[in-house]
Amino acid sequence: MAKSSSYSSNIFLAAVLLFFGNVFLGAQASNVLYYDFVGPANDSAKHGPQSFCTYLDKPVPYDVISSYKEINVTRNCTTNTILVVNDSLPGPTIQARKGDLVYVKVHNQGLYGVTLHWHGVKQPRNPWSDGPEYITQCAIPPRTNFTYEVNLIDLEGTVWWHAHNEWTRSTVYGAIVILPREGSSFPFATPDGEHLAVLGSWYDEGTSLNKALEMDLAAGGYTLPRATGYMINGQYGDFVPCSNETTPHFSIDYGKTYLFRIVNAVVGSEMFISIADHNMTLVGMDGAYTKPIVVSYLMIEPGQTMDVLVMANQSPGRYYLAALRFSTEDIDFTNFVHEVPTAIIQYKGNFSLTSPPTSFRQQLRSLASEEHPVDVPCNVTTRMFITVSLNHVACPDDSCYYGDYKIASTLNNISWEDPSVDVLQAYYRNISGVYTTDFPDLPPVMYNFTGDDLSTSLAEAAQGTSLKVLNYNETVEIVFQGTNLLDESGNHPMHIHGYSFYVIGVGLGNFDNETDPQMYNLVDPPEVNTVGVPKKGWAAIRFRANNPGVWYWHCHIDRHMSWGMNAAFIVKNGDTEETSMRPSPSYMPPCIASKDKPYGETDQTLKSDI
Ligand SMILES: [Cu+2]
């Protein structure tokens with residue numbers, strides 16, 4: 001099989017925030033493979049992250065750069081300083097097989113705290129390694145390290161990892177490629193090769209992004225930072241100045257079939273993707289297989305991953321792969337100048353050079369085969385109906401730029417407030433006063449959620465750190481209902497940590513609890529970790545609460561998350577050790593420093609220490 005390194009060269013590098021080291025991969029404890037990933041700076045700095053999608057017998061370790069340095073990164077003819085892992089944007093690809101256990105030691109060599117989240121990885125019984133700041137841990141301080149355990153027990157396909165504190169993930173992200181177990185194969189003909197396309201965002205604020213975010217939130221949240229462009233594998237491509245030298249190229253051979261693994265790591269937007277003159281066959285999403293569907297474009301939510309097969313069946317030449325931002329929100333928030341990325345799919349050999357979202361969602365089906373079965377809960381024990389809204393709260397003083405209100409966003413009208421100690425620690429150690437367990441199963445009032453000209457009084461939000469408690473093994477149905485409060489309806493990609501869930505229904509308008517359940521797909525619904533709740537519509541999901549711990553759920557548009565569109569579950573322990581949360585690791589990053597962000601304030605001091 002051909003090795004496909006999907007990243008273009010000439011990636012100029014920036015400040016190293018941290019690096020992965022001492023990783024080992026292994027399917028069973030009896031067959032643990034050790035890899036020492038710590039090494040001197042070497043050639044991979046010039047080529048970006050290496051993709052080892054080669055169907056080798058063993059995963060191949062990627063080289064790691066462990067030096068600390070600040071190097072300016074140039075994109076779109078402007079130079080900036082950004083935080084990255086291992087000198088590369090995107091960061092390194094983790095390659096493993098289904099069932100592997102991956103240990104990632106994060107050495108924070110930067111100036112700011114950081115946490116990492118393994119998006120789509122369920123982390124059975126082990127919320128300690130999940131990563132969201134203030135939910136399962138506090139930030140890893142500079143000059144310290146923390147080891148994550150990433151358990152790929154039941155995933156196959158593509159998921160990804162990213163920073164999970166403030167908006168650090170804008171530059172700290174990478175793919176996790178999970179091949180079938182040794183001795184088993186894809187549920188489709190083995191592709192002739194594969195490519196990785198990771199979509200990302202670019203903010204001109206660079207390392208000041210979180211500072212700008214905090215200031216804007218304090219001033220009412222109306223002017224949160226906006227991406228100035230979107231990228232494929234950290235590059236803009238041909239249509240942006242100073243970029244065509246570094247346009248990503250994906251080589252293909254006529255007559256062959258390629259697996260493209262697509263990750264939407266964009267911070268604030270859904271994206272359309274298509275390839276000129278080529279259809280794509282969707283075969284997987286979020287680390288699980290789907291029934292194949294042939295499409296001319298994809299609509300991918302931020303947080304989602306999609307695996308597609310592309311047949312090289314057109315006249316040999318060059319074809320653009322392009323991504324376009326899809327936005328459903330008010331133009332006050334979304335109408336800004338931004339660049340659109342492209343990559344080139346290039347046939348090898350000699351040739352002469354010669355070009356609606358809801359229906360897409362409704363085509364999605366699980367594979368539901370003997371080897372890849374579905375297990376949709378039939379009898380529901382906990383039903384939740386959760387409104388997903390943009391709201392407002394009174395400005396606490398006269399600090400807001402625009403009048404008496406701050407923007408808030410809510411789930412069941414409650415806007416999340418970060419605690420000062422992470423919820424998991426508080427739950428585990430019985431620390432009181434950190435959170436409440438009164439997250440409601442219904443919104444406070446029922447109204448015509450998707451109607452126009454709704455009363456602004458409905459948009460007054462409550463604030464709190466409110467969690468929902470589930471008993472072990474409860475079967476949960478959640479209907480997420482989008483609203484048009486403040487005339488600010490939009491699409492919201494809801495992501496749940498610690499679980500995959502089945503999307504049993506998606507529709508427009510207000511959910512009807514008599515007629516809509518009759519249309520549920522309980523046979524082969526897609527199994528995902530992120531579902532797009534359509535603008536002025538709803539989405540219904542089910543899962544079994546069989547993973548004890550504290551698990552975050554939130555909109556994966558970070559603007560909405562920063563306004564408070566978040567909540568968390570506590571899933572209680574079962575009766576046995578195997579159904580209970582594992583004990584806390586002996587070391588977790590301390591919470592003392594992270595809430596008041598001292599790292600950025602003392603940049604110079606820390607810098608001289610490193
Ligand atoms: Cu949202």
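Predicted model, so just to flag it, every value in this text is computed and none were measured.

Caption draft 1: Highlighting the overall build of the protein. Each helix and strand counted, the protein has eight helices and 36 strands in total. Per-residue burial for the protein yields a buried fraction of 61% across its 610 residues.

Caption draft 2: Local environment of the coordination of the copper ion. Taken together, His492 (ND1), Cys555 (SG) and His560 (ND1) make up the full set of protein donors to the copper ion, lying 2.0 to 2.1 Å away. The sequence pattern describing where the donors of the copper ion fall on their chain is H-x62-C-x4-H. Residue His492 is located in strand S30 (residues 492-496), and its partner His560 is located in helix H6 (residues 558-563); the two are separated by 68 residues in the primary sequence. Given a relative accessible area of 2%, His492 falls into the buried group.

Caption draft 3: Seen up close, the state of the cysteines. Applying the stated rule across the entire model yields three disulfides. Across the disulfide from Cys395 sits Cys400; the S-S distance is 2.0 Å. Taking the sign of the S-S torsion, 95 degrees for the link of Cys395 and Cys400, the bridge is right-handed. Counting its disulfide-bonded cysteines in sequence order, the protein shows a connectivity of 1-3, 2-6, 4-5.

Caption draft 4: Representation of the side chain of Thr579. By the element assignment, Thr579 lies in the loop between strand S36 (566-571) and helix H7 (598-601). According to the relative accessible area criterion, Thr579 is buried, its value standing at 16%. A polar contact is formed between the side chain of Thr579 and the side chain of Thr576, at a distance of 2.9 Å. If we skip the residues at most four places from it in the chain, Thr579 touches Tyr472, Pro548, Asn573 and Gly574.

Caption draft 5: Broad picture of the side chain of Thr136. Mapped onto the elements of the fold, Thr136 is located in the loop between strand S9 (116-119) and strand S10 (145-151). Here the side chain of Thr136 touches Gly131 through a polar contact of 3.1 Å, landing on its backbone nitrogen.

Caption draft 6: Expanded view of the pairing of strand S34 (residues 537-544). For S34, the buried fraction is high: seven of the eight residues fall into the buried class. Strand direction decides the pairing type here: strand S29 (residues 475-482) and S34, joined by seven bridges, are antiparallel. Bridging across to S34, Gln481 finds its partner in Trp538. Here strand S31 (residues 501-508) pairs with S34 via six bridges, running antiparallel. Paired with Gly505 across the strands is Ala540, a residue of S34.

Caption draft 7: Just the environment of Gly507, in detail. Mapped onto the elements of the fold, Gly507 is located in strand S31. Exposure remark for Gly507: the relative accessible area of 8% places this residue in the buried category. Measuring from C-alpha to C-alpha, the distance between Gly507 and Ala540 comes to 8.9 Å, with 33 residues separating the pair along the chain.

Caption draft 8: Representation of the sheet that holds strand S16 (residues 257-264) within the structure. Within the open sheet, the six strands sit side by side as S14-S13-S16-S21-S18-S19. Their pairing is mixed. This sheet does not close on itself; its edge strands, each paired only once, are strand S14 (229-232) and strand S19 (288-295). Direction aside, the axes of adjacent strands within the sheet are offset by 20 degrees on average.

Caption draft 9: Examining the sheet that holds strand S15 (residues 249-252) more closely. Ordered in space as S15-S23-S22-S17-S20, the five strands form an open sheet in which the pairing is mixed. Bordering the open sheet on either side are S15 and strand S20 (298-300), each of which pairs with just one other strand. Within the sheet, the average angular offset between the axes of one strand and its neighbour, ignoring direction, is 20 degrees. Judged from the four bridges that link them, S15 and strand S23 (residues 342-347) form a sheet pairing that is parallel. When the sheet's bridge partners are listed, Ile252 is paired in S23 with Tyr347.

Caption draft 10: Region of the structure containing the environment of Val434. Following the sequence through the fold, Val434 ends up in the loop between helix H5 (423-428) and strand S27 (462-464). Sequence separation between Val434 and Thr465 is 31 residues, and the spatial gap between their C-alpha atoms is 7.6 Å.

Caption draft 11: Structural detail: unusual backbone geometry. Of note, the amide linkage connecting Leu89 to Pro90 takes the cis form, showing an omega dihedral of -5 degrees. Within the secondary structure layout, Pro90 lies in the loop between strand S6 (83-85) and strand S7 (94-97). One non-glycine residue, Asn430, lies in positive phi territory at about 55 degrees. Summarising the element assignment, Asn430 is placed in the loop between H5 and S27. Relative accessible area serves as the criterion here: at 69%, Asn430 is assigned to the exposed category. The phi dihedral of Asn473 falls on the positive side, at around 75 degrees, and the residue is not glycine. Its location among the elements puts Asn473 in the loop between strand S28 (467-470) and S29. The exposure class assigned to Asn473 is partly exposed, which follows from its relative accessible area of 37%.

Caption draft 12: Just helix H2 (residues 209-218), in detail. Taken residue by residue, H2 has Leu209, Asn210, Ala212, Leu213 and Asp216 as its buried positions. Angular distribution of buried residues about the axis of H2 spans 155 degrees; they occupy a single face of the element. Buried positions along H2 lie against H6. After H2 finishes, the residue Gly220 shows a positive phi value of roughly 120 degrees.

Caption draft 13: Spatial organisation of the nonpolar core. One finds Leu298, Phe543 and Trp553 to be the most contacted residues of the largest nonpolar core, which totals 77 residues. Not counting chain neighbours up to four residues away, the residues in contact with Phe543 comprise Pro377, Leu470, Glu474, Thr475, Val476, Ile478, Ile496, Tyr499, Ser500, Phe501 and Phe569. Formed by 38 residues, the second largest nonpolar core is a distinct cluster that contains Tyr435, Val550, Ala568 and Met581.

Rules used throughout
- Residues numbered from 1 in each chain as written.
- Predicted model: local features only at pLDDT ≥ 70, side-chain atom pairs only at ≥ 80, totals over all residues.
- Heavy atoms only, no water.
- Helix = DSSP H or I, 4+ residues; strand = E, 2+ residues; numbered from the N terminus.
- Buried < 20%, exposed > 50% of the residue type's maximum accessible area, 1.4 Å probe, protein only.
- Donors = N, O, S within 2.8 Å, 3.2 Å for Na, K, Ca; no water.
- Disulfide = S-S within 2.5 Å.
- Polar contact = N/O pair within 3.5 Å; in protein donor to acceptor, adjacent residues only side chain to side chain.
- Contact = heavy atoms within 4.5 Å.
- Pairing = 2+ DSSP bridges.
- Axes fitted to C-alpha atoms, helices over the stretch in contact; angles between N-to-C directions.
- Arc of directions from axis to C-beta.
- Core = buried A, V, L, I, M, F, W, Y, C linked by side-chain atoms within 4.5 Å.

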